[in-house]
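Structural overview for review
The primary structure of each chain is shown beneath.
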Amino acid sequence: MADHLSDALKKLKLASADSATDSVESCLDCLLKALAHNNADASEKVQEMGVLPLLPTLLAPQSSCTPKVANIIAEVAKNEFMRSPCVEAGLIPPLVQLLHSKDQEVLLQTGRALGNICYDSHSLQAQLINMGVIPTLVKLLGLHSDNTALTEMCLIAFGNLAELESSKEQFASTNIAEELVRLFRKQAEHEKKEMIFEVLAPLAENDVIKLQLVEAGLVECLLDVVTHTVDGERDEDVAQLKTASDLMVLLLLGDESMQKLFEAGKGSVFERVLSWVPSHNHQLQLAGALAIANFARNDGNCIHMVESGIVQKLLELLDRHVEEGNVTVQHAALSALRNLAIPVVNKAKMLSAGVSDTVLKFLPSEMPPVQFKLLGTLRMLIDTQADAADQLGTNAKLVERLVEWCEAKDHAGVMGESNRLLSALIRHSKSKDVVKTVIQGAGVKHLVVMATSEHMIMQNEALVALGLIAGLDLVEAEKDFVGAGLVQVLHKLLSDERTAPEIKYNSMILICAVMGSEPLHKEVQGLAFIDVVSKLRSHENKTVSHQASLTEQRLTAQS
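Everything quoted here is computed from the prediction, not taken from an experiment.

1. Some details on the overall build of the protein chain
Secondary structure summary: the protein chain contains 37 helices and zero strands in total. The burial tally for the protein chain puts 56% of its 559 residues in the buried class. Taking all contacts inside the protein chain whose residues are at least 6 apart in sequence as the whole, residues at least 24 apart take part in 71%. Here the protein chain has roughly 25,100 Å² of accessible surface; of this, 51% comes from carbon and sulfur atoms. Charge centroids of the protein chain, computed over 50 positive and 72 negative side chains, lie 4 Å from each other.

2. What about the state of the cysteines?
Tallied over the entire structure, the rule returns zero disulfides. Cys118 takes part in no disulfide bond, and the closest cysteine sulfur to it belongs to Cys86, at a distance of 9.8 Å. Considering cysteine sulfurs only, Cys118 is the nearest to Cys154, which forms no disulfide, with 15 Å between them.

3. Looking at the nonpolar core
One finds Leu340 and Phe481 to be the most contacted residues of the largest nonpolar core, which totals 199 residues. Residue contributions to this core peak at 11 residues, all from helix 32 (residues 456-483). Other than its neighbours up to four places away in sequence, Leu340 contacts Ile292, Ala296, Cys302, Met305, Val306, Ile310, Val311, Leu314, Asn346 and Met350.

4. Things to note about the pattern of salt bridges
As enumerated under the stated definition, the model contains 22 salt bridges in all. Between Glu75 and Arg112 there is a salt bridge, and its shortest N-O distance comes to 2.6 Å. Residue Glu75 is located in helix 5 (residues 66-76), and its partner Arg112 is located in helix 8 (residues 104-117); the two are separated by 37 residues in the primary sequence. A relative accessible area of 24% means that Arg112 is categorised as partly exposed. Among the salt bridges present, the one from Arg498 reaches Asp496, with a minimum N-O distance of 3.0 Å. Residue class for Arg498 comes out exposed when judged on its relative accessible area of 74%. Residue classification places Asp496 among the partly exposed residues on the basis of a relative accessible area of 23%.

5. Thoughts on the packing of helix 8 against helix 11 (residues 148-161)
Packed helices, taken two at a time, are described by their axes: the angle between them and the distance between them. Two elements in contact, helix 8 and helix 11, have axes whose closest approach is 10 Å; the angle formed by their N-to-C orientations is 30°. Between helix 8 and helix 11, the angle falls in the class roughly parallel. Helix 8 and helix 11 meet at a crossing whose hand is left-handed. Taken together, the residues of helix 11 that come into contact with helix 8 (itself represented by Gln104, Leu107, Leu108, Gly111 and Arg112) are Ala149, Leu150 and Met153. Of the residues that constitute the contact of helix 8 with helix 11, the class distribution is five nonpolar, two polar and one charged.

6. Some words on the packing of aromatic side chains
Under the counting rule described, the total for this entry stands at five aromatic pairs. A ring pair is formed by Phe262 and Phe295, whose centres lie 5.5 Å apart and whose planes are at 45°; its orientation type is tilted. Here Phe262, found in helix 18 (residues 255-262), pairs with Phe295, found in helix 20 (residues 282-295); they are 33 residues apart in sequence, far enough to count as distant. The class for Phe295 is buried, based on a relative accessible area of 1%. Three or more aromatic residues link up through ring pairs in this structure, and these residues are Phe262, Phe270 and Phe295.

7. What to know about helix 13 (residues 176-186)
Taken together, the buried positions of helix 13 are Ile176, Ala177, Glu179, Leu180, Val181, Leu183 and Phe184. On its buried face, helix 13 sits against helix 10 (133-143), helix 11, helix 12 (165-172), helix 14 (190-203), helix 15 (207-215) and helix 16 (218-229).

8. Comments concerning the UniProt feature "repeat: ARM" (unreviewed entry) in the protein chain
In this structure's numbering, the residues bearing the UniProt feature "repeat: ARM" (unreviewed entry) are residues 90-132 and 309-341. With 70% helix and 0% strand, residues 90-132 has its two end C-alpha atoms placed 17 Å apart. Within residues 309-341, the helical portion is 85% and the strand portion 0%, while the C-alpha atoms at the span's ends are 13 Å from each other.

9. Observations concerning the side chain of Glu75
Given the relative accessible area of 15%, Glu75 is considered buried. The contact partners of Glu75, leaving out residues within four places of it in the chain, are Leu35, Asn39 and Arg112.

10. So, unusual backbone geometry
At Asp120, a residue that is not glycine, the phi angle is positive and equals roughly 70°. One can find Asp120 in the loop between helix 8 and helix 9 (122-130). Here Ala264, not a glycine, exhibits a phi torsion of approximately 55°, which is positive. Note on Ala264: relative accessible area 53%, which makes it exposed.

11. So, the environment of Glu523
Mapped onto the secondary structure, Glu523 falls in helix 35 (residues 518-526). In sequence terms Glu523 and Arg537 are 14 residues apart; their C-alpha atoms lie 22 Å from each other. In this view, Glu523 contacts Val482, Val487 and Gln488; residues no more than four positions away in its chain are not counted.

12. Thoughts on the environment of Pro67
Tracing the chain through its elements places Pro67 in helix 5. For Pro67, a relative accessible area of 18% gives the class buried. Leave out the neighbours within four places in its chain, and Pro67 touches Glu105, Val106 and Gln109.

13. Re the side chain of Arg379
Inspection of the secondary structure assignment puts Arg379 in helix 26 (residues 368-382). Take Arg379: its relative accessible area is 12%, and that puts it in the buried class. For Arg379, the side chain forms a polar contact with the side chain of Glu417, separated by 3.0 Å. Beyond its immediate stretch of four places on either side in the chain, Arg379 contacts Glu417, Arg420, Leu421 and Ala424.

14. Some words on the packing of helix 20 against helix 22 (residues 310-323)
For the pair helix 20 and helix 22, interaxial distance at closest approach is 12 Å and the crossing angle is 140°. In terms of axis orientation, helix 20 runs oblique to helix 22. In this structure, the crossing between helix 20 and helix 22 has a hand that is left-handed. Residue-level inspection shows His282, Gln285, Ala289 and Ile292 of helix 20 in contact with helix 22, the latter providing Ile310, Leu314, Leu317, Arg320 and His321. Partitioned by chemical class, the residues of the contact of helix 20 with helix 22 number five nonpolar, three polar and one charged.

15. What about helix 23 (residues 327-340)?
Along an α-helix, residues three or four apart share an orientation, since each turn contains 3.6 residues. Its 14 residues give helix 23 an end-to-end C-alpha distance of 20 Å, which sits within 8% of 20 Å, the value for a rise of 1.5 Å per residue. Counting buried positions along helix 23 yields 11 of 14 residues, so the element is predominantly enclosed. Listing the buried residues of helix 23 in full gives Val329, Gln330, Ala332, Ala333, Leu334, Ser335, Ala336, Leu337, Arg338, Asn339 and Leu340. Contacts from the buried residues of helix 23 go to helix 20, helix 21 (299-307), helix 22, helix 24 (344-352), helix 25 (355-360) and helix 26.

Calculation notes
- Residues numbered from 1 in each chain as written.
- Predicted model: local features only at pLDDT ≥ 70, side-chain atom pairs only at ≥ 80, totals over all residues.
- Heavy atoms only, no water.
- Helix = DSSP H or I, 4+ residues; strand = E, 2+ residues; numbered from the N terminus.
- Buried < 20%, exposed > 50% of the residue type's maximum accessible area, 1.4 Å probe, protein only.
- Contact = heavy atoms within 4.5 Å.
- Areas by Shrake-Rupley, 256 points an atom, 1.4 Å probe, with all protein chains shown as cover.
- Lys, Arg positive; Asp, Glu negative; His and termini not counted.
- Charge placed at Lys NZ, Arg CZ, Asp CG, Glu CD.
- Disulfide = S-S within 2.5 Å.
- Core = buried A, V, L, I, M, F, W, Y, C linked by side-chain atoms within 4.5 Å.
- Salt bridge = Lys/Arg side-chain N within 4 Å of Asp/Glu carboxyl O.
- Axes fitted to C-alpha atoms, helices over the stretch in contact; angles between N-to-C directions.
- Parallel < 35°, antiparallel > 145°, perpendicular 65-115°, else oblique.
- Left-handed = near helix turned anticlockwise from the far one by under 90°.
- Nonpolar A, V, L, I, M, F, W, Y, C, P; charged D, E, K, R; others polar.
- Phe/Tyr/Trp six-rings, centres within 6.5 Å; stacked < 30°, edge-to-face > 60°.
- UniProt positions renumbered as here; feature names shortened; annotations may be inferred.
- Polar contact = N/O pair within 3.5 Å; in protein donor to acceptor, adjacent residues only side chain to side chain.
- Expected span 1.5 Å × (residues − 1).

Right, dumping it as structure tokens:
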């Protein structure tokens, strides 16, 4: 076989030089046979004998050899070691030209050849995108949608190219959305649907394409898949249900596509998705809750949804998952509730519907994503709601858990949220009982640390809460303030030029508030605060300079 191959390759070199079509054809046949017998060895031989550089001239659009040459390139390029030599031999430009051919066999082999050469290489795929293959392939899909092999070739190419960010803009300027939806509607086989899904998922990450897919009717297709697979027990039904519902949620991540499907809360799609929440299927419950969280990305939608009774559905869903604890469903339902609680008009309604009681059932959870959403939901609910903040802030169990999570060094998100909720309970309740519960639960030291956060909003929240603690119960808090080094923290904040004006302002208010405590007063005197504060009298921010004058007077009077 090897000798035959060597002879054939030698002949090919001669024949291609003479353009003798018949002898070229027989050499190509011999080479294809050898590749079918032992691809790696035959490819190596092709490389050794320098045959690749001859192939561009044999890829002429009119030549009868072209499909075989493209097929050989496709076979050779299955080997990783042959891909760079194919590029160096200049095979990409003539292959790209051949994508304009009318011959379906040429198109198929050309597509395979390009796919194999560029397999796993982002830089080569980017080169193809720059050469304009995307619009060409989309056109081919439309022209040859009855040719199964060609259709698959296009889908594989789209799947590879769609992973690249640079491709999305080009895809968006074609009618890919219509073509894929049309193709999807025709498919009966699971494998074919999966292939199309694999292209749709990366494309649907782009907001422009999301909207195109919605307008092309993809959502109706997805809802059909859900209807047909929801009770299916075969693996492929389970897989299709997951893919279709995940893709549905992905389409809702775009603002325009989401609003189009919401249709002012009257959309049939919106109503269908809501019906997933009480489903017996975990995957659909998850998708339904995530869809609500996505619809709840603006105040108008949130207000409408709370009025239409969605909260009850989410609470029932959460109640089912206290016991059967599906973490992804818990996380999704809490995300939805958190988003719904953002508009002020929704907070009281949600509190009276018992949202905080249901959310508190998940306090024992050991899963950081659930802890994070639980904290965010409670924080949104009590914002401006004094009674609710009072009720939750005097719940010793909750405060104890918050203090525990304030030390969750491995989970910065949970740590940040628990600090923020601790501060919010004090700020929104302004209640001495809440302050007492936080002091008894050893929460004060965490608020002092929070005042040193790199996030200004968190520093501010901490300082306001600490000011309220000092104002409402300085005697009880005194020991914790000293132990946590509060005065040193304030000195540092006031001395640092990079500290924001509002942080300086709140730090001075707090200094004045702690002066009524003897040990803290001594610390203030020991750190020569008066020098730091007098410098701030000339601060460019009028509020800061005015507060500096007042604070200086207070310090002078009490020194």
